[in-house]
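Summary of the model geometry
Take a look at the letters that make up each chain.
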Amino acid sequence: MADSQSYHHNLGIGDSKHLQRNLYKRCIQKYRYLPLLILAVNPYYRVIDNQRYSESREGVPQGGPLSPLLANIMLDPLDKELEKRGHQFARYADDFTILVKSKRAGERVLHSVSRYLQQRLKLVVNTTKSHVVKTNDSKFLGFTFRAGNIHWHPKTLLKFKQQVRRLTNRNWGVSMKYQLFKISQYLRGWINYFGIAKGYQRCVELDHWIRRRVRMAYWRQWRKPRTKVRNLMRLGVHVQAAVACGITSKGP
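Quantities reported herein were computed from a predicted structural model and do not represent experimental measurements.

**Looking at the layout of surface pockets**
- Within this model, the second largest pocket holds a volume of roughly 350 Å³.
- Taken together, 14 residues line the second largest pocket, and the ones lying closest to its centre are L187, L206, D207, I210 and R211.
- For the lining of the second largest pocket, the residue count by class is 11 nonpolar, no polar and three charged.

Okay, structure coming up:
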């Protein structure tokens, strides 16, 4: 696997009429259900983006519940085509990776599959995310692969830290109870998805870092030395240690 090449496609479903024909042909005509899907992909519906409504004239909203369903419907012929060609691949919704043995083979397959998607399935290929790279440089669903193991991609870790910094912001202006609830909620969801990766030592380091961020948030909210000393003693800290920490400007 370390010697293989991989490339990624991120597809935007932009041909609404073609999509409607495929929905009718593959789902409604065959199974006589999902009549509302035709309305859902009408090019003049409104979508919600960051709590705001906006009009959309093409495609489906990225991240919405319909997006992976429609991607599976549209890309089912691609799965069968890749199986017929004997390729090793993995796909989730509109993101997929294909493994080949050399860079030259990767470029050839990239060109061939891109042509199939555009000419046969009438889909638009995102050229900025479609490329040929080694597996240890690839990014698939937030993961990368090294020495036969699954790891977090550096961009995934960067995004995680940015979100934790936002949730542990000392100037957020909310109660610590609510802040801890949001941090716990985010961490549980994140580790439930990314927990399959190999990264125990990184988890230990991140745990220490998150705890420091939380202590900083508490220290900011307590503000006055008297409040700091009182709260530290309430937590079981000896009076001398509590006073020493409470009067210093360096933090706990």
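**Brief notes about helix 7 (residues 200-222)**
- Taking 1.5 Å per residue, 23 residues should reach 33 Å; helix 7 reaches 33 Å between its end C-alpha atoms and fits that length.
- Those residues of helix 7 that sit buried are L206, W209, I210, R213, V214, A217, W219 and W222.
- Residues of helix 7 that are buried make contact with strand 9 (149-152), helix 5 (154-167), helix 6 (176-194), helix 8 (225-234) and helix 9 (239-246).

**Some thoughts on the pattern of salt bridges**
- A full pass over the atoms with the stated rule returns five salt bridges.
- Residues D79 and R91 are paired through a salt bridge, measuring 2.7 Å at the closest nitrogen-oxygen approach. Of this pair, D79 sits in helix 3 (residues 66-85) while R91 sits in strand 4 (residues 88-92), placing them 12 residues apart in sequence.
- What makes R91 partly exposed here is its relative accessible area of 22%.
- Between E81 and K84 there is a salt bridge, with the nearest N and O atoms lying 3.5 Å from each other. Placement of both E81 and K84 in helix 3 is noted, with a separation of three residues, approximately one turn of the helix.
- Given a relative accessible area of 66%, K84 falls into the exposed group.

Thresholds applied
- Residues numbered from 1 in each chain as written.
- Predicted model: local features only at pLDDT ≥ 70, side-chain atom pairs only at ≥ 80, totals over all residues.
- Heavy atoms only, no water.
- 1 Å grid on protein atoms, 1.4 Å probe; cavity = no way out; pocket = protein on both sides within 12 Å on 5 of 7 lines; lining within 4 Å.
- Points joined across faces, edges and corners; volume = space filled by probe spheres on them.
- Nonpolar A, V, L, I, M, F, W, Y, C, P; charged D, E, K, R; others polar.
- Helix = DSSP H or I, 4+ residues; strand = E, 2+ residues; numbered from the N terminus.
- Expected span 1.5 Å × (residues − 1).
- Buried < 20%, exposed > 50% of the residue type's maximum accessible area, 1.4 Å probe, protein only.
- Contact = heavy atoms within 4.5 Å.
- Salt bridge = Lys/Arg side-chain N within 4 Å of Asp/Glu carboxyl O.

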